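Close look at the chain arrangement
One-letter residues, chain by chain:
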Amino acid sequence: MIKRITPPLDDKVLEDLRIGDKVLITGKIYSARDAAHKRFVETINKGGQLPIDLRGQIIYYVGPTPPKPGYVIGSAGPTTSIRMDSYMEPMLKAGLKATIGKGYRSWGVVDLFKKYRAVYFIATGGVGALISKKIKNAKIVAYEDLGPEAVMELEVQDFPVIVANDIHGGDIFEEGVKKYQEITLPFKIERISEV
Amino acid sequence: MKIVRVEEVEEAVRRLSMEVNYYIRDELKDAYKKALEREVSETGREILSQIIENVELAAKEQLPICQDTGVSIVYVEIGQDVKIEGGNLYDAINRGVSKGYKEGYLRKSVVKDPLFNRVNTGDNTPAMIHVEVVPGDIFKITFMAKGTGAENMSRLAMLTPAAGVKGIRDFVLKTVAEAGPNPCPPVVVGIGIGGTFDTVGWLAKKALMRKFGSRHPDPNYAKLELELLDEINKLGVGPQGLGGRITALDVRIETAPCHIGALPVAVNLDCHAHRVGVWEK
Ligand code: SF4
């Protein structure tokens, strides 16, 4: 079953999302990646005001290519989420309710999602041209000087994601690999961790 | 003596920067299709279909296949009978990158200093340039747009000779398994074995820049490439790491002689958006 959501996300919507669910997002989401997160968290730590209100919002980890003439945005697929893990707790404290990226999160962050009742979605990595068609409008709302790392407000329609971590715990990657692994390994697979 | 003008080099690099980002090579597209036939996970099949749809759309509209249009890696093989005329070769390559990334609406993903001054250079330069002198009069440029998702998951180890084939195998499997979904599987695996600490990483990168599906000239290594591919595809990582049979599309090994007490190994991962192009004069 496909679920449809629109931010801001409330508790009822979040309760209902389960690992593996296919979700279509319509509405406004924000782009941010490494350099913007660094500034967000520096601002929070100094007690300053963030350029956007994170409460109930979704952040998409993306740094798109520049738009060709006649396009609203260039290719715009997800970047690796784990690089944002060390910034996660202050962002969640500020009210952020969902992130979209690719790849797994550190186990510490998976726990934070439970604690702060937030979800982690994945979009397909490496299909940025295809994904760009789901973005109907894009405007820079902060940190323009960061170039491809500036924060943008993206208007999306039926933007396809999968729930990778929900507020109930569990992890889509671990479950997936268990199901298909056909080899015994003489070592433990450790998740690379950034927190 | 063959003459190569720097203007030709600049133009070739400009074109390659754009072409590799818009058009995937036929052999790679075939590999996606074969993977789709062999994948048993339904989600995995869905993702492989999206990958195929994406490269078709990218080619049709000349959009970058992936938004991470990478750092530009330029490998130049210069025959010793070739003369470069018209200026500095390195500058010409960087001018080509700068033009290609600007004109082609590609993302500029290079900062000028790794630690203290992470300011975007604004035109994707400097490229990572490797020059090798070879016999004869060939002049060959291999261009790779290397995204960082897969690059960050690459690993290097200074094994010792006793580790042998098993040590190499375990290290490769561990690297791919622990990278999991992060390098956008199905991946292409470049492995360097031998040399010293500095050369083994470059060997792994060279393996990635070699022709897709080509085998090592030594049958022992050619066999190991195929065995590793088979074992990697038993890890269960699958497309996007969501579980499945297709974790890698190809494994290529490059080797070099090494010290009696050493067995360096490097695993350089690349994603399914495996963007490499060649220009030869
Ligand atoms: S790993 Fe490759 S396919 Fe994935 S986002 Fe990075 S460059 Fe694109």
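Residues numbered from 1 in each chain as written. Chains lettered and ligands numbered in written order. Predicted model: local features only at pLDDT ≥ 70, side-chain atom pairs only at ≥ 80, totals over all residues.

1. Focus: the overall build of chain A
Counting secondary structure elements, chain A contains six helices and seven strands. Ordered by position from the N terminus, the helices and strands of chain A form the series β-α-β-α-β-α-β-α-β-α-β-β-α. Taking the principal axes of the C-alpha coordinates as reference, chain A spans close to 50 × 40 × 35 Å. Per-residue burial over chain A gives 45% buried out of 195 residues. For chain A, long-range pairs separated by at least 24 residues make up 66% of all intrachain contacts whose partners lie at least 6 apart in sequence. (Helix = DSSP H or I, 4+ residues; strand = E, 2+ residues; numbered from the N terminus. Buried ≥ 20, exposed ≤ 12 C-beta atoms within 10 Å, placed from the backbone. Contact = placed C-beta atoms within 7 Å.)

2. What about unusual backbone geometry?
Residue Pro7(A) is joined to Pro8(A) through a cis peptide bond whose omega torsion reads 0°. Here Pro8(A) shows up in the loop between strand S1 (2–5) and helix H1 (11–16). With an omega dihedral of 5°, the bond running from Pro185(B) to Pro186(B) counts as a cis peptide bond. Its identity is not glycine, yet Arg117(A) carries a phi of approximately 50°, on the positive side.

3. Focus: the site of the ligand
As a matter of local geometry, the ligand sits amid Gly77(A), Gly125(A), Gly126(A), Cys66(B), Asp68(B), Gly147(B), Gly149(B), Ala150(B), Pro183(B), Cys184(B), Cys271(B) and Ala273(B). Nearby residues around the ligand are contributed by chains A and B. Here the shell around the ligand is built from residues that sort into six nonpolar, five polar and one charged. (Near = placed C-beta within 6 Å. Nonpolar A, V, L, I, M, F, W, Y, C, P; charged D, E, K, R; others polar.)

4. So, the confidence of the model for chain B
On average, residues of chain B carry a pLDDT of 98, and 100% of them reach 70 or more. Both confidence scores are given for the complex: pTM 0.96, ipTM 0.95. (pLDDT = per-residue confidence, 0-100.)

5. Here's the deal with the interface of chain A and chain B
Chain A puts 41 residues into the contact, and the matching count from chain B is 46 residues. Put simply, the parts of the chain that give the side of chain A that touches chain B at least two residues each are helix H5 (128–132) and helix H6 (172–180) of chain A. Residue contributions to the side of chain A that touches chain B peak at six residues, all from H6(A). Looking at the side of chain A that touches chain B residue by residue, the class counts come to 20 nonpolar, 16 polar and five charged.

6. Observations regarding the sheet that holds strand S4 (residues 128–134) of chain B
All names here are of chain B. Pairing is mixed across the open sheet formed by four strands, whose spatial order is S4-S2-S5-S10. Looking at the sheet topology across the chains shown, the edges are occupied by S4 and strand S10 (275–280). Mean inter-strand twist for the sheet, computed between neighbouring axes without regard to direction, equals 15°. The sheet contact formed by strand S5 (residues 139–146) and S10 spans six bridges and is antiparallel. Bridge pairing links Ala 145 to Arg 275 in S10. Lying on the sheet, helix H7 (residues 197–209) is in contact with strand S2 (71–79), S4, S5 and S10; it crosses S5 at an angle near 95°. (Pairing = 2+ DSSP bridges. Axes fitted to C-alpha atoms, helices over the stretch in contact; angles between N-to-C directions.)

7. Quick word on the sheet that holds strand S7 (residues 187–195) of chain B
Picture the strands of a sheet paired through backbone hydrogen bonds; they go either parallel or antiparallel. All names here are of chain B. Here four strands make up an open sheet; going across it, the order is S6-S9-S7-S8 and the pairing mixed. The outermost strands of the open sheet, each flanked by one partner alone, are strand S6 (155–159) and strand S8 (248–258). Within this sheet the neighbouring strands show an average axis-to-axis angle of 15°, counted without direction. Of the pairings in the sheet, the one linking S7 to S8 comprises nine bridges and is parallel in character. Paired with Gly 194 across the two strands is Ala 256, which belongs to S8. Helix H6 (residues 164–179) rests against S6, S7, S8 and strand S9 (263–270) of the sheet, and its axis sits at about 30° to S9. Here helix H8 (residues 219–232) sits on the sheet and contacts S7 and S8; the angle it forms with S8, its principal contact strand, is near 140°.

8. Here we look at the pairing of strand S5 (residues 119–122) of chain A
Residues and elements named next belong to chain A. By the alternation rule, side chains of S5 split into Val 119 and Phe 121 and Tyr 120 and Ile 122, which are all buried. Inspection of the sheet shows strand S4 (residues 98–101) paired to S5 by four bridges, in the parallel sense. Among the inter-strand pairings, Ala 98 is bridged to a residue of S5, identified as Val 119. Tracing the backbone out of S4, into helix H4 (residues 107–116) and back to the parallel element S5 gives a crossover that is right-handed. Two elements, S5 and strand S7 (residues 151–165), share three bridges in a ladder whose sense is antiparallel. For Phe 121, the partnering residue across the bridge sits in S7 and is Val 163. (Right-handed = clockwise from strand over helix to strand, strands pointing away.)

9. Concerning the packing of H6(B) against H8(B)
Residue and element names in this part refer to chain B. Here H6 crosses H8 at 40°, and the two axes come no closer than 10 Å. It follows from the interaxial angle that H6 and H8 lie oblique. Once H6 is placed against H8, the crossing between them reads as right-handed. In this structure, H6 uses Arg 169, Val 172, Leu 173 and Val 176 to contact H8, whose residues at the interface are Leu 228, Glu 231 and Ile 232. (Parallel < 35°, antiparallel > 145°, perpendicular 65-115°, else oblique. Left-handed = near helix turned anticlockwise from the far one by under 90°.)

10. Observations regarding the environment of Val276(B)
Residues and elements named next belong to chain B. Relative to the assigned elements, Val 276 resides in strand S10. C-alpha separation for the pair Val 276 and Arg 210, spaced 66 residues apart in sequence, amounts to 8.8 Å. In contact with Val 276, other than residues within four places in its own chain, are Val 20, Thr 142, Met 144 and Met 209.

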